[in-house]
Structure formats: C-alpha cells, structure tokens
Amino acid sequence: MLATQAAFAQAAGAAAGKTVDYTARAGDTLYDVADRYMQGSGDWAILARINGVPAPRHLQPGTVLKLPVVRLRRERQSARVIAVQGPAERASGGAYVPLVLDTTLTEGDHLRTGANGFATLELADGTHMSLPPDSRLELTTLRRTVLTGTLDRVFDLRGGSVDSEVTHLKKQDDRFQIRSPSVVAGVRGTHFRVDYDAAASAVTRVEVLDGTVGVAGGRPKADTGATLVHANFGSVATADGKVGAPVALLPAPTLDKPGRVQDEPDVSFDLAPVPNAHGYRVELAHDAALLDPFSEMRTTAPHVVFRNVPNGMHFVRIAAIDENGLEGQPRTYTFERRQMGIDASATPGAEGYVFRWSPNGAGASARYRFVLSASKDLSAPIVDQVGLTTRQVSVAHLPPGDYYWAVTIEEFEGGRFYEKTSPVSAFTLSR
C-alpha cells in the first residue's frame, strides 16, 4: 500500500467535510467532548450545530455525535535518538547543538550529520530512520489525532540521505512521507532510501528494498502523477520534479573471505565485482540491522580499507551503485576485528643471539612458536620451539651464515583459535 502527494492533496480536500462518529459516555457534555477531542472547548457550538443538539447539556449515554475531522485535536509526537556516532547536531528553533544519545526530538527540529557522522531515530510506532554522513533532515510534522489515533509524519530531506524502515500503518488516513525539493515519497509500511543531491545536480533518488513506494513530483508546477516503485527497484527524479521510470537495482555483492579475522592494523574488504557497477558503498555497524553504524566508505573499486576500527564483533553491509547513482540491494556480513601483531628483534648475547618479541593484542593465555632457519621460507628449521610462554629465546653456537626467523602467536579464546605470524626477519652472522 502507498500514499502519494496527489492522493494526500485529494484526501485533504475531502477531509473538509468529513466527520467521525463518537459515542457519548455517562456524564458527557458537549463541552467535555469538545475539550477532549476538538481544538478547544469552544468548539461545542460547532458540535451543537452539526448534531442538532440545542445546548451543551449532559448527553444521553450511547448518543452518536458527528465530529468534523478538520477540527479534531492533534497532539504532538516525538522521536528518540537511539544511536549517534561522530559529528551530528540538532537545532530546535535556534543554533545547532551536539546531538546526544536518548535525545527526544519533536516537530520542527532540524538534524544534520557531518563527515563520518551518523544518527538513527526511533518513532513511537517502532519506525526507524537512519542518517548517514553529510545529511540534513527536518521533522516537519509529527502528529497523532487524539480521537482516531491517526498518525501524520512528514520529513523534509534538505541534503544527503535517509534510510527508513517504516512500521506498517494501520489506519486508512495514516501518513508517512519523505520530501525533497523535487519529490514526495509516501508509504504505508516498507523499507526504502531517499537521497537528495543538493550540492550537485539536485536530483532525488529513491531505492525500495521492501514493499512499494509512491513517488510524485514535489514542486507545484511538476507533474504530480505517482510513479509506483516496487521492492528491488529504484527511481531518479530530476531537479524539476520529473520522476523517472523504475529501474531494477543491482544485485548484492558478495564478500571475499567473509569469515577471516581482521587482525591487521587496518580493516580491509574485497568484494566480488558486480557487472555494470560504477561504485560500491561499504558500511560498518555495531548491529546487524545497521541501526548503529559507525563508519562508511564509497569507492569505485571493489576494495576498501578502514582505519581505527576497534576490536570486537561488528557488521559490514555492502551494496553496488549503478550508472544512475542508485544504490543496489545490500548484503550484511558479520566480521571479527582482533588486531594482533608482533614487534621482534635479535641482538648478540653473551653466548650467542637473543631473540625477543612483544605482542600486540594477545591475551595472557597466548603461547608462542619460535622458528629459526637458514632458508627464507623457514623450511628445515634449525630451531622450532612451540608452546612458549616467555617472550624471548637464546640460541648459542650458531655457525657463520644467513639466518631467518619468525614468531607466531597462538591463542585459544571463546571457543576459537587465533594465530598470527610476524614478518620473517633476517640477519647475517659474519665469520
């Protein structure tokens, strides 16, 4: 199911004469009903005229009153910040201030994220909205009609992107819209993204991952006919509000060696190239739903490197980008970040050579394997000691020649075995 700009305009016109029924309870008066459900107790006169009730007296229980929809009281709703990373700010009628976790946002608030900044909102019905870096969003309307429970949520995207996973709307007149200067995207329950390129071409891209989205031109003079965009399709609207025909999204890429432990100083991913892809988007998050992202990168090559990723279990979501700039279907993997390394040195001792090493990222239960060989590939080792708990080995009576050595960290933790070998070091023992 969907909702478009034209449909909402038509509904707004029809609502002018629309009414809803209210069944009076014991003790009700027109004053009470107007005070609870209308825009003020003074609306009792409107109810009296519409329903032919001569005075605001006590109503007979079971009496059915007709209440005009346009005068129903709407209470403000709120959104809660459930995740925030990096530079993210809010403004509530004044200057921007840093956005913090668990902040309550209301109608009229403005949000913006900076470079490598992220923010995720949760609405009262469980709907989630995530802003990636360099995005700007206004919470234009957040209302609930008191009597009917009808929800009305409208958001204006001023730049960047917003990823929305909307809980299915239950009532006929419920509304959820994402607007940009060129389009309106309306839904009743789906997972979709809207991207507005404010800085360059001013185009708006809509990508649908689940359900159906109605996309209509957002400018007054633009064609307001709706374009239906179904799951796994996207659409591009130009700056003048012309909505392009839906195109199939690129399939999700696959990750090369997804199970490997990320133990190098930098975290890197290799993607299997997707035919017709012009780029890739790679996102890192603390959770599988990507509600708490902490880093992302776009690249034209199927290889990406992230720096300063903390140790722990994380999630990576990858997607290909087509020639229209539409982001394709995503795929999410879990990965383990466990940086391990060894700083090693060899120095002459009193009776030979002393080999020392200092591990990075290893726990107290780590064991070490020391290998010394006359071959670069460490074959036919002269010394091969396993299960070491100390961090040095002394070797005496070495004849002159070229030697190569390395140390391997071995650790068993949490039901998994971890292993990391240092680079092969070399030295020459002169005659």
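Counting restarts for each chain: residues are numbered from 1 in the order of the written sequence. Whole-chain, interface and lining totals are the exception, using all residues; otherwise, since this is a predicted model, local features are given only for residues with pLDDT of at least 70 and side-chain atom pairs are given and counted only at 80 or more. Water and hydrogen atoms play no part in the side-chain values, which are based on all heavy atoms of the structure.

Let's talk about the overall build of the chain
For clarity, the threshold we go by: For the purposes of this entry, the term helix denotes a DSSP run of H or I that reaches at least four residues, the term strand denotes a run of E that reaches at least two, and both are numbered from the N terminus. Think of it in three bands: with a 1.4 Å probe and only protein chains considered, a residue is buried below 20% of the maximum accessible area for its type, exposed above 50%, and partly exposed in between. We call two residues in contact whenever any of their non-hydrogen atoms come within 4.5 Å of each other.
Within the chain one finds three helices and 34 strands. When its C-alpha atoms are laid out on the principal axes, the chain stretches across 120 × 50 × 40 Å. Split into buried and exposed, the 431 residues of the chain put 46% on the buried side. Considering only intrachain contacts with a sequence separation of at least 6, the fraction spanning at least 24 residues in the chain is 56%.

A short note on the layout of surface pockets
Quick reminder of the rule: Grid points spaced at 1 Å and placed over the protein atoms alone form the basis of the search, with a cavity being a set where a 1.4 Å probe fits but cannot get out and a pocket an open set showing protein on both sides within 12 Å along at least five of seven lines. Lining residues have an atom within 4 Å of a point. Grid points are joined across faces, edges and corners, and a volume is the space filled by probe spheres set on the points. Each residue gets one label: Ala, Val, Leu, Ile, Met, Phe, Trp, Tyr, Cys and Pro are nonpolar, Asp, Glu, Lys and Arg are charged, and the others, such as Gly, are polar.
By volume, the second largest pocket is sized at about 420 Å³. Forming the walls of the second largest pocket are 33 residues, and the residues nearest its centre are Pro132, Ser161, Arg193, Arg281 and Glu327. Put simply, the parts of the chain that give the lining of the second largest pocket at least two residues each are β10 (128-131), β12 (151-165), β15 (191-196), β16 (204-210), β22 (279-285), β23 (293-299) and β25 (312-321). With six residues, the top contributor of residues to the lining of the second largest pocket is β12. Partitioned by chemical class, the residues of the lining of the second largest pocket number 11 nonpolar, eight polar and 14 charged.

Observations regarding the sheet that holds strand β27 (residues 341-349)
Put simply, the test is: At least two bridges found by DSSP between two strands is the condition for calling them paired. For every element, the axis is a line fit to its C-alpha atoms; helices are fit only across the contacting stretch, and the angle between N-to-C directions ranges from 0 to 180 degrees.
The three strands are arranged β27-β28-β31 in an open sheet whose pairing can be described as antiparallel. Since the sheet does not close on itself, it has two edges, and those belong to β27 and β31 (392-396), each with one partner. The average undirected angle you get between the axes of adjacent strands in this sheet is 15°. Of the strand pairs in this sheet, strand β28 (residues 352-360) and β31 are connected by five bridges, and their pairing is antiparallel. Paired with Phe355 across the two strands is Val393, which belongs to β31.

Observations regarding the pattern of salt bridges
Selection criterion: When a carboxyl oxygen of Asp or Glu is within 4 Å of a side-chain nitrogen of Lys or Arg, the pair counts as a salt bridge.
Within this structure, the stated rule accounts for 29 salt bridges. Put simply, Arg80 and Asp102 hold a salt bridge, and the shortest N to O gap is 2.8 Å. Of this pair, Arg80 sits in strand β4 (residues 78-85) while Asp102 is found in the loop between β6 (97-98) and β7 (104-106), placing the two residues 22 residues apart along the sequence. A relative accessible area of 35% places Arg80 in the partly exposed class. According to the relative accessible area criterion, Asp102 is partly exposed, its value standing at 47%. Measuring nitrogen to oxygen at the nearest pair gives 2.6 Å for the salt bridge that ties Arg158 to Glu138. Separated by 20 residues along the polypeptide, Arg158 in strand β12 and Glu138 in strand β11 (residues 136-145) bring together distant segments of the chain. The exposure class assigned to Glu138 is buried, which follows from its relative accessible area of 14%. Several salt bridges share partner residues, and in doing so they unite Asp163, Arg193, Glu207, Arg281, Glu283, Glu296, Arg317 and Glu327 into one network.

Points about the packing of aromatic side chains
To keep it simple, the criterion reads: Aromatic pairing here means that ring centres of Phe, Tyr or Trp (its six-membered ring) are within 6.5 Å. Orientation follows from the plane angle: under 30 degrees is stacked, over 60 is edge-to-face, and everything else is tilted.
Tallying each qualifying case throughout the model produces 14 aromatic pairs. Where Phe355 meets Phe370, the ring centres are 5.0 Å apart and the plane angle is 50°; that geometry is what we call tilted. Remark: Phe370 occurs in strand β29 (residues 367-373) and Phe355 occurs in strand β28; sequence separation between them is 15 residues. Judged by its relative accessible area of 0%, Phe370 falls in the buried class. Judged by centre distance (6.1 Å) and plane angle (55°), the rings of Trp357 and Tyr368 are tilted. One end of the pair, Trp357, is in strand β28; the other, Tyr368, is in strand β29, with 11 residues separating them in the sequence. Neither Trp357 nor Tyr368 differs from the other in exposure class; each is buried. Ring pairs connect the aromatic residues Tyr353, Phe355, Trp357, Tyr368, Phe370, Tyr403, Trp405 and Phe427, which therefore count as one cluster.

A few points about the sheet that holds β22
Reading across from one edge, β23-β22-β25-β26 is the order of the four strands in this open sheet, with antiparallel pairing throughout. Edge positions in the open sheet fall to β23 and β26 (331-337), since each of these has one partner strand only. On average, adjacent strands in this sheet sit at an angle of 25° to one another, irrespective of strand direction. For β25 and β26, the ladder comprises seven bridges, and the chain directions are antiparallel.

Some details on the side chain of Thr103
Its place among the elements puts Thr103 in the loop between β6 and β7. Those residues in contact with Thr103, other than ones at most four positions away along the chain, are Ala79, Arg80, Val81 and Arg90.

Digging into the pairing of β16
The element β16 is largely enclosed, with a buried count of six among its seven residues. Where β15 meets β16, six bridges bridge the pair, whose relative direction is antiparallel. Looking at the pairing, His191 lines up with Asp210 of β16. Relative to strand β19 (residues 233-237), β16 runs antiparallel, the two being bridged by five bridges. Opposite Arg205, over in β19, you have Val236 as the bridge partner.

With respect to the confidence of the model for the chain
Heads up, the rule is: The quantity called pLDDT is the predictor's confidence in a given residue, expressed from 0 to 100.
With 94% of its residues at a pLDDT of at least 70, the chain reaches an overall mean of 89. Residue range residues 1-15 is modelled with pLDDT below 50. Its contacts to residues more than four positions away, or to other chains, number 28 contacts.

Considering helix α3 (residues 44-51)
Among all positions of α3, only Ile46, Leu47 and Ala48 are buried. Contacts from the buried residues of α3 go to α2 (30-37) and β2 (64-68). Among the residues trailing α3, Gly52 stands out with phi positive, at a value near 70°.

As for unusual backbone geometry
One non-glycine residue, Lys257, lies in positive phi territory at about 50°. When you line up the elements, Lys257 lands in the loop between β20 (247-248) and β21 (267-270). The class for Lys257 is exposed, based on a relative accessible area of 58%. Positive phi values are uncommon outside glycine, yet Leu290 reaches one of about 60°. Looking at the secondary structure, you find Leu290 in the loop between β22 and β23. Leu290 gets classed as buried once you look at its relative accessible area, which sits at 4%.

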